[in-house]
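# Close look at the chain arrangement
Now for the letters of each chain:
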Amino acid sequence: MATTKIDSSNFKSHVLDAANPVVVDFWAEWCGPCKMIGPSLEEISEEMDGVDIVKVNIDENPDIAAQFGVRSIPTLMLFKNGEPASVQVGAAAKSKLVDWIKNAAA
């Protein structure tokens, strides 16, 4: 399953009401490190079962970014049962992202 683009209209249904843990990638088109981790997140979304990965463009959805206190991008936030459970700020290698997701989602 590929990453899903999320905005204000579907954030609640795809993230807050999701049955699975959800990783939200807060990113922007102009952010170099965001573009660096993008392909890794796409691969992880295909390879990892039981976790959904979605993307929120902070330029198009500043209200969502502000609601969760996103001050730097990329910020990855793992939600469990509709609540933020863990945060990873900055770019990281795919293996580190996988480890973070597995530990945070457990």
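Everything discussed here concerns the structure shown above.
Residues numbered from 1 in each chain as written. Predicted model: local features only at pLDDT ≥ 70, side-chain atom pairs only at ≥ 80, totals over all residues. Heavy atoms only, no water.

### A few points about the pairing of strand β4 (residues 75–80)
The buried count for β4 comes to five of six residues, which makes it a mostly enclosed element. Two elements, strand β2 (residues 22–27) and β4, share five bridges in a ladder whose sense is antiparallel. Its bridge partner being in β4, Val23 is matched across the sheet by Leu78. Two strands pair when backbone bridges link them, and β4 and strand β5 (residues 83–89) are joined in this way by six bridges, in the antiparallel orientation. Within the sheet, the bridge partner assigned to Phe79 lies in β5 and is Pro84. (Buried < 20%, exposed > 50% of the residue type's maximum accessible area, 1.4 Å probe, protein only. Helix = DSSP H or I, 4+ residues; strand = E, 2+ residues; numbered from the N terminus. Pairing = 2+ DSSP bridges.)

### What to know about helix α2 (residues 32–47)
Helical geometry note: an α-helix holds 3.6 residues per turn, so side chains three or four residues apart project in the same direction. Its 16 residues give α2 an end-to-end C-alpha distance of 24 Å, which sits within 8% of 22 Å, the value for a rise of 1.5 Å per residue. The axis of α2 is deflected most strongly, by about 30°, at Gly38, and proline Pro39 appears within four residues downstream. Of the residues making up α2, those classed as buried are Cys34, Ile37, Gly38, Ser40, Leu41, Ile44 and Ser45. In this structure, the buried side of α2 is in contact with β2, β3 (52–57), β4 and α4 (94–105). (Expected span 1.5 Å × (residues − 1). Bend = angle between axes of the 7 residues up to and from the residue. Contact = heavy atoms within 4.5 Å.)

### Structural notes on the state of the cysteines
Per the stated rule, a full pass over the model turns up one disulfide. Sulfur-sulfur distance for the disulfide between Cys31 and Cys34 comes to 2.3 Å. Around the S-S axis, the bridge from Cys31 to Cys34 shows a dihedral of about 80° and counts as right-handed. Cys34 shares its class with Cys31; the two are buried. (Disulfide = S-S within 2.5 Å.)

Such coordinate-based values are descriptive only and should not be taken to indicate function.
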